[in-house]
Amino acid sequence: LSPDTSVSNNMATPCESSESTLRKRRFEQSKTTSNSDGNCSGDDEGACKYERKKKSFSLQTGTYWLTRIVLLRSIAFIYFVAFTVAYNQNKQLIGERGLMPCKDYLLSVKRYVGGKIDMSAFAYTPSILWFLDWTDMDANLDGISLVGMVVSGFVLVTGMANMVMMTTLWVLYHSLVSVGWESQLLETGFLGIFLCPVWSLSQVPRRCPPSLISIWTFRWLIVRIMLGAGLIKIRGDRCWKDLTCMDFHYETQPVPNPMSYYMHQSPWWFHRFEVLSNHFIELIVPFFTFLRRRMCMVNGTLQVLFQVVLIVSGNLSFLNWLTIVPSLACFDDASLGFLFSSGRGAKQTVLDLQAEEAAGRTHKPTRGMLIRRVVNVALGVLIGYLSVPVVLNLLSSKQVMNTSFDPLRIVNTYGAFGSITKERAEVILQGTLSEDPKDPGAVWEEYQFVCKPGELTRRPCLISPYHYRLDWLIWFAAFQTYEQSEWVIHIAGRLLANDTSTLSLLEHNPFQGRENPRWVRGEHFKYKFSPLGSASAAQGKWWLRKRIGPYFPAVDLASLRGYFKSRNWLHPDL
């Protein structure tokens, strides 16, 4: 060997020896620490590994324990709002002395099915009202709403529910539903039933893991909602194709809010961008659901953000809040963990369950768990079977929206704003104390609804997710004649009598504390937002309006007597 090589070897020997000694010490120290922390010796080595994994565990992907809690609380929130709206307004609308009494409707159904209350009547109109005493329908309606509020409030606060409670909510609300997108709440609520154990109340019921089939039924729901909304637009109003619909939407939607005023004033290019974004989110993004986890989460995120934008820019009841619910099924425990406190509660329980599974300490399925798996498969088959006409409707050039193909409204077709009105029409109800309604000197005073446009200087309201049904209904009536919306004349009769029940649905009664009006009429106006920065806006006017003409002629109680009698309406004098 050369002298240089010898020196090199002599220098390397003590260095390698030192590194070897250091590695040995670190290994012995690690082994000692491991044995002392986990008591890993002999037969206890498996338990030690489990404890170490449990301590360092983070939420893993692919489980839906926390997702179930979020879904149940979200569904309960919508139920609570819906039952609250029903409790506050149903008596005045469909109660004993309501504008459209539900007893009259039930009696007409009874006559239609042969005069008996049997399964045919129940199949035509599924409602527990068939089995209640009709002598006090107001009490029935209040009872249903109050029970619904209590049960949904419990689920919302605790995050715990079972199949019995969720079925109760579904049956109660089914008894109240008539038209509109509330079919969407019924379908969402039905799917929520199968998230829960049958009896037990626990946020994380160990013997009832969330079914992937159940999670996918929610994902399938958001796909259908979005595709239905997107396709009906493409097949509907031409403005969705030429990208001009958003030039009108904010001004002409049912109940604008303050943000609608400012969104309407956006530049033309921003409105074009909004329409393109709408098409992308409703027609393209839903298909992300069927890709890998990350893309499914992208879909869920975009859908939630899209609904938040709609909530901010208009009062569309709880529709947009409800549409957020199935979008949440795109997220698993790992992505929703930030919503829960660490180190305790549901999140810690899920961590423990995931750690047990990672260590191979899973429990053998019980008989009940096996039965539940069969039920979950049956749910998937049912939803798949009932989805056939819905999918065919989506593919049809004659697509219809917001339609149920089964009496229980389990799987429905959806859609919104297939047509956009280009001008806003409003029905303004007015009353006068004048003896002669044709007198040019007669002073006509206006009734103000709670939320719909009326007084020009009144700021648009902000009420979502709450819903004023009468404001919504009279928005539709403005596109029709009073002969097509006869209930408007019913309101006129109630206003002539200063009926407190009907007036409770309005914000302002100009004859409060005075004698009753002698005449009431409906005037037809065209409304539009005042331009931002204009003289009208400087005067505090949110709206400008122009009279179209009379909506219905001036009426008094005497002239309405025959009209009410022919329709079996209770005359306000009685």
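The structure under discussion appears in the preceding block.
The written sequence of each chain sets the order in which its residues are numbered from 1. Two thresholds apply to this predicted model, a pLDDT of at least 70 for residue-level local features and 80 or more for giving and counting side-chain atom pairs, whereas whole-chain, interface and lining totals are computed over all residues. By convention in this description, side-chain values take in all heavy atoms of the structure and omit both hydrogens and water.

Chemist: I keep staring at the packing of helix α9 (residues 212–235) against helix α14 (residues 319–327) and nothing clicks. Help me out?
Modeler: Each packed pair of helices is defined by two parameters, the angle between the axes and the distance between the axes. To get an axis, a line is fitted to the C-alpha atoms, and for a helix only the part in contact is used. The angle between two axes follows their N-to-C directions and goes from 0 to 180 degrees. The helix and strand labels rest on DSSP assignments: H or I over at least four residues marks a helix, E over at least two residues marks a strand, and numbering proceeds from the N terminus. Relative orientation of the contacting elements α9 and α14 amounts to 135°, with a least axis distance of 7 Å. Classed by the angle they form, the pair α9 and α14 counts as oblique. On α14, the residues touching Phe218, Leu221, Ile222, Ile225 and Met226 of α9 are Thr323, Pro326 and Ser327. Of the residues in the contact of α9 with α14, the class split is six nonpolar, two polar and no charged. For classification, angles of less than 35 degrees are called roughly parallel, those exceeding 145 degrees roughly antiparallel, those between 65 and 115 degrees roughly perpendicular, and all remaining angles oblique. In this analysis, two residues are considered to be in contact whenever any of their non-hydrogen atoms come within 4.5 Å of each other. Here the term charged refers only to Asp, Glu, Lys and Arg, the term nonpolar to Ala, Val, Leu, Ile, Met, Phe, Trp, Tyr, Cys and Pro, and the term polar to all other amino acids, Gly among them.

Chemist: Mind showing me how you'd approach the pairing of strand β7 (residues 519–529) here?
Modeler: Side-chain direction in a regular strand flips from residue to residue, so the side chains alternate between the two faces of the sheet. The classification of residues rests on relative accessible area computed with a 1.4 Å probe and restricted to protein chains. Under 20% of the type maximum is buried, over 50% is exposed, and intermediate values are partly exposed. β7 sits mainly inside the fold: eight of its 11 residues count as buried. In this analysis, strands are considered paired if DSSP registers two or more bridges between them. Both strand β3 (residues 424–432) and β7 contribute to a ladder of nine bridges, which runs antiparallel. Looking across to β7, one finds that Glu426 is bridged to Phe525. Bridge analysis of β7 against strand β8 (residues 543–555) gives nine bridges, and the strand direction is antiparallel. The residue of β8 that forms the bridge with Phe529 is Trp543.

Chemist: Looking at this structure, I do not really get α14. What am I missing?
Modeler: Residues spaced three or four apart along an α-helix point in a common direction, a consequence of the helix completing one turn every 3.6 residues. Across the nine residues of α14, eight count as buried, placing the element largely inside the fold. Buried within α14 are the following residues: Leu319, Asn320, Leu322, Thr323, Ile324, Val325, Pro326 and Ser327. Where α14 is buried, its residues contact α3 (65–94), α8 (182–193), α9 and α13 (293–312).

Chemist: Can you help me understand the sheet that holds β3 in this one?
Modeler: Pairing between the strands of a sheet is mediated by backbone hydrogen bonds and can be parallel or antiparallel. Strand order in the open sheet made by the four strands is β4-β3-β7-β8, with antiparallel pairing throughout. Either end of the sheet is taken by a strand with one partner, and the two such strands are β4 (445–446) and β8. Seen against the sheet, helix α19 (residues 487–496) touches β3, β7 and β8 and runs at an angle of roughly 80° to β8.

Chemist: Got a minute to help me understand the packing of α3 against helix α16 (residues 345–358) in this structure?
Modeler: Packing of α3 against α16 leaves a shortest axis separation of 9 Å and a crossing angle of 150°. In terms of axis orientation, α3 runs roughly antiparallel to α16. Between α3 and α16, the residues in contact are Trp65, Leu66 and Ile69 and Ala346, Lys347, Val350 and Leu353, respectively. Taken together, the residues that form the contact of α3 with α16 break down as six nonpolar, no polar and one charged.

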